[in-house]
Amino acid sequence: MTGSSIMRRINGERFGRWSLRLDAAYCVVLGAAVALFSGQIAEGVALPALLIAAAGVAVVVWAGGILWMLARLPLRSALRFVMVANVLAALAVGFASATAATLLIVLAVVTVAIDIALFATSQAVALRALLVRG
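Residues numbered from 1 in each chain as written. Predicted model: local features only at pLDDT ≥ 70, side-chain atom pairs only at ≥ 80, totals over all residues. Heavy atoms only, no water.

Peer 1: How should I be thinking about the environment of Ala 55 in this particular structure?
Peer 2: Position of Ala 55 relative to the elements: it lies in helix 4 (residues 49-72). For Ala 55, a relative accessible area of 38% gives the class partly exposed. Between the C-alpha atom of Ala 55 and that of Val 28, which follows or precedes it by 27 residues, the distance is 12 Å. (Helix = DSSP H or I, 4+ residues; strand = E, 2+ residues; numbered from the N terminus. Buried < 20%, exposed > 50% of the residue type's maximum accessible area, 1.4 Å probe, protein only.)

And the structure:
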């Protein structure tokens, strides 16, 4: 089975919408947890608790932005925008792991970066499937 035949079997519209919805849900949960536990997180990384809490709140607000884009923008535009934001966020979170005090914290932060990168990948797959189907 070739790559393009696999892409034709994927419903890009459905896959893309699910990707964005799951991304938004993940952002709400992760952002709320980061904001609520910013003090404890600050103890493990060399960043101020207020900065961590602000980042958590920003991630929750971003979740609302994803849902807004899903409702208001063409799906391809929303997928592209969120995919690019996820790539940048994965890089930023990955670099933040360099401030971690312990190996366990480094692994936790890198895991979040990988999660974000996987969302970007799912959005790229949805875009590709949309393009193959026309």
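Peer 1: Please clarify how the packing of aromatic side chains should be interpreted in this entry.
Peer 2: Geometrically, a pair of aromatic rings is defined through the distance of the ring centres and the angle of the planes. Tallying each qualifying case throughout the model produces 2 aromatic pairs. Centroid distance Tyr 26 to Phe 119: 5.3 Å. Interplanar angle 50°. Geometry classified as tilted. A residue pair is termed long-range when its members are at least 10 positions apart, and Tyr 26 in helix 2 (residues 12-36) and Phe 119 in helix 6 (residues 103-133) qualify at 93 residues. Its relative accessible area of 21% is what places Tyr 26 among the partly exposed residues. On the basis of relative accessible area, Phe 119 is assigned to the buried category, the value being 15%. Sitting over the face of the ring of Trp 18, Arg 21 holds its NZ or CZ atom 5.9 Å from the ring centroid. (Phe/Tyr/Trp six-rings, centres within 6.5 Å; stacked < 30°, edge-to-face > 60°. Lys NZ or Arg CZ within 6 Å of the ring centre and 35° of its normal.)

Peer 1: Got a minute to help me understand the pattern of salt bridges in this structure?
Peer 2: Close approach of charged atoms lets side chains of opposite charge pair. In the structure shown here, the tally under the stated rule is 1 salt bridge. Residue Arg 17 pairs with Glu 13 through a salt bridge whose shortest N-O separation is 3.1 Å. With Arg 17 and Glu 13 both in helix 2, this residue pair falls 4 residues apart, about one helical turn. Take Arg 17: its relative accessible area is 25%, and that puts it in the partly exposed class. (Salt bridge = Lys/Arg side-chain N within 4 Å of Asp/Glu carboxyl O.)

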